[in-house]
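Survey of secondary and tertiary structure
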Amino acid sequence: MKKTKEIFVTQPSLPPLEEFTEYLKQIWGSKILTNNGPFHKQFENELADYLGVKYLSLFANGTLALVSALQALRVTGEVITTPFSFVATTHSLWWNNIKPVFVDIEPDYFTLAPEKIEAAITPQTTAILPVHVYGNPCKIDEIQKIADTYGLKVIYDAAHAFGVRINGNSILNFGDLSILSFHATKVFNTIEGGAIICHDEKTKKQIDHLKNFGFAGETTVIAPGINAKMNELQAAYGLLQLKYIEEYISKRKEIAELYRRELTGVKGIRLLHDIKGVDHSYTYFPVFIDEKLYDESRDALYERLKKNNIYGRRYFYPLISQFPTYRGLPSAKPGNLLIANSIAEQVICLPIYPDLDKMTIKRILNILINK
Ligand SMILES: *Cc1c(COP(=O)(O)O)cnc(C)c1O
């Protein structure tokens, strides 16, 4: 058999090296490497403008942003969250000594099911931590209504939702705080990186202190903060990425459209479609396999793709609630998470990234369609 190139679920896009070298020369000249330097300041402003948000704080990564967001709002006790996400969502609770309470997902776009939240609230509940999974917006109005009724905070894990807008308004403008990840595997990367989005200057200041050990001045430490700062090299790299992000997203959109065109109507394969009024950024391209109709199990397809050097990923299988740390929790019982369990058994994310060529996409489609 002819050897084909290994194709992974994603591949990062990098800005032109010559442009980055110019920025590196400036950093070598200034010798300012971190601690809110000029590139950090510029990137923070330009990124907030691009996203259409007022207050944004850059972080070293999305996980530290999540951990710090919970600290900033002094969230304690129990937090209601989804098991259908990347482990960092729940780990951020664990690192804050908060008990995660898993609630099932809704059947259309697999975000936290609002109608199941109330039954999970106890006197210890202080917040809700939903995820805009695959970049599809959570049911924000319904979640906010419950939060208002019970006096809960809402922190959105928006790691998949860079650039997502609803009727022109950034998805990041909802809830008390949102967090982003700029990890190499995400739509927008700064190698590693992340951010917290908040809605007032006072909260931003608090967050900026927390990511710098709690320092509010040369000799004032207001809280047990952490070191979660983004450095100047990554901020400069991020500034360059911003120049190309529209191009990255439109190439992803083309690929998603091609997949959809060819896979629509294939028996046993379910797709997610764009939502009216939403600008998507095509972070992932999940397909859901109905074993009976497709006449092959999800895992058999996953292995068959692998044999052809196509490395899809089963995001999110296993569910977070199935990992040893969390599986003993009462809310982790499979009976409590029926939809999440079933979707986790069906999903494969297909490769999608700006440099994925048409020939490879055709090859992937051929494996899916002609078994
Ligand atoms: C990637 C990701 C994170 C973690 O972000 P890092 O920048 O890798 O720390 C958190 N939540 C979700 C949903 C993610 O996909």
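Residues numbered from 1 in each chain as written. Predicted model: local features only at pLDDT ≥ 70, side-chain atom pairs only at ≥ 80, totals over all residues. Heavy atoms only, no water.

**Considerations on the site of the ligand**
For the record, the criterion: Residues are labelled near a given molecule or strand when at least one of their non-hydrogen atoms is within 4 Å of it. Polar contacts, as counted here, are pairs of nitrogen or oxygen atoms within 3.5 Å of one another; within protein the pair requires one atom able to donate a hydrogen and one able to accept it, and residues that are adjacent in sequence qualify only if both atoms are side-chain atoms. We place a 1 Å grid over just the protein atoms. Points where a 1.4 Å probe fits but has no way out form a cavity, open points with protein on both sides within 12 Å along at least 5 of 7 lines form a pocket, and any residue with an atom within 4 Å of a point lines it. A pocket or cavity is taken to hold a molecule when more than half of that molecule's atoms are within 2 Å of the pocket's grid points. Going along the chain from the N terminus, every DSSP run of H or I of four or more residues is numbered as a helix, and every run of E of two or more is numbered as a strand.
In the neighbourhood of the ligand, 14 residues make up the surrounding shell, with Gly62, Thr63, Asp157, Ser181 and Lys186 lying closest. Threonine 63 places a polar side-chain atom, nitrogen or oxygen, 2.6 Å from an oxygen atom of the ligand. At a threshold of 2 Å from the grid points, most atoms of the ligand map onto the largest pocket. The set of elements that each furnish at least two residues to the shell around the ligand consists of helix H3 (62–72) and helix H4 (88–94).

**Looking at the packing of helix H2 (residues 38–51) against helix H7 (residues 232–263)**
Put simply, the rule is: Lines fitted to C-alpha atoms define the axes, with helix axes restricted to the stretch in contact, and inter-axis angles between N-to-C directions lie between 0 and 180 degrees. Put simply, angles under 35 degrees are roughly parallel, angles over 145 are roughly antiparallel, angles from 65 to 115 are roughly perpendicular, and the rest are oblique. Whether a crossing is left-handed or right-handed is set by the direction in which the near helix is turned from the far one by less than a right angle, anticlockwise for left-handed and clockwise for right-handed. In what follows, a contact means two residues having at least one pair of non-hydrogen atoms within 4.5 Å. Asp, Glu, Lys and Arg are counted as charged, while Ala, Val, Leu, Ile, Met, Phe, Trp, Tyr, Cys and Pro are counted as nonpolar; the rest, among them Gly, fall into the polar class.
Here H2 crosses H7 at 25°, and the two axes come no closer than 7 Å. Between H2 and H7, the angle falls in the class roughly parallel. Along this stretch, H2 crosses H7, giving a crossing that reads as left-handed. Of the residues in H7, those touching H2 at Pro38, Phe39, His40, Gln42, Phe43, Glu46, Leu47 and Tyr50 are Glu232, Ala235, Ala236, Gly238, Leu239, Leu242, Ile245, Glu246 and Ile249. The residue makeup of the contact of H2 with H7, split by class, is 11 nonpolar, 3 polar and 3 charged.

**Description of the layout of surface pockets**
Quick note on the threshold: Grid points are joined across faces, edges and corners, and a volume is the space filled by probe spheres set on the points. Where each domain begins and ends is defined by an automated method or by a domain database.
Roughly 670 Å³ of volume is contained in the largest pocket. Considering the residues around the largest pocket, the lining is formed by 31 residues, among which Phe86, Lys186, Tyr284, Tyr315 and Phe316 are closest to the centre. Listed by contribution, the elements that provide at least two residues to the lining of the largest pocket are H3, H4 and strand E9 (177–181). Ranked by residues supplied to the lining of the largest pocket, first place goes to H3 with 3 residues. Class assignment for the residues of the lining of the largest pocket results in 16 nonpolar, 10 polar and 5 charged. There are two domains that each give the lining of the largest pocket at least three residues, and those are domain 1 (17–241) and domain 2 (245–369). As for the second largest pocket, its lining consists of 16 residues, and the residues nearest its centre are Asn36, His40, Glu44, Lys204 and Asp208. Elements supplying a minimum of two residues to the lining of the second largest pocket: H2 and helix H6 (201–210). Broken down by element, the lining of the second largest pocket gets its largest block of residues, 5 residues, from H2. Residue composition of the lining of the second largest pocket, grouped by class: 3 nonpolar, 6 polar and 7 charged.

**Examining empty space enclosed by the protein**
One pass over the full model with this rule turns up 2 cavities of 30 Å³ or more. Looking at the largest cavity, it is lined by 15 residues, and the ones nearest its centre are Tyr134, Asn136, Arg260, His280 and Tyr284. Of the residues contributing to the lining of the largest cavity, the split by class is 7 nonpolar, 6 polar and 2 charged. Viewed by domain, the lining of the largest cavity spans two of them, domain 1 (17–241) and domain 2 (245–369), each represented by three or more residues. One number sums up the size of the second largest cavity: a volume of about 50 Å³. Residue lining of the second largest cavity: 13 residues in total, with Pro12, Ser13, Lys186, Val187 and Asn189 positioned closest to the centre. When residues of the lining of the second largest cavity are assigned to domains, at least three map to each of domain 1 (17–241) and domain 2 (245–369).

**Focus on the nonpolar core**
Our working rule: In these notes, a set of buried Ala, Val, Leu, Ile, Met, Phe, Trp, Tyr and Cys residues joined through side-chain atoms within 4.5 Å is what counts as a nonpolar core. Burial classes follow relative accessibility: with a 1.4 Å probe on protein chains only, a residue under 20% of its type's maximum area counts as buried, one over 50% as exposed, and anything between as partly exposed.
Among the nonpolar cores identified, the biggest contains 79 residues, and Leu47, Tyr259 and Leu263 are the most heavily contacted of them. For this core, the leading source of residues is H7, giving 15 residues. In this structure, this core is formed jointly by two domains, domain 1 (17–241) and domain 2 (245–369), each of which donates at least three residues. Apart from residues lying up to four places away in sequence, tyrosine 259 is in contact with Phe285, Leu350, Pro351, Leu356, Ile361, Ile364 and Leu365. Listed in part, the 25 residues of the second largest apolar core include Phe84, Leu272, Tyr315 and Leu319.

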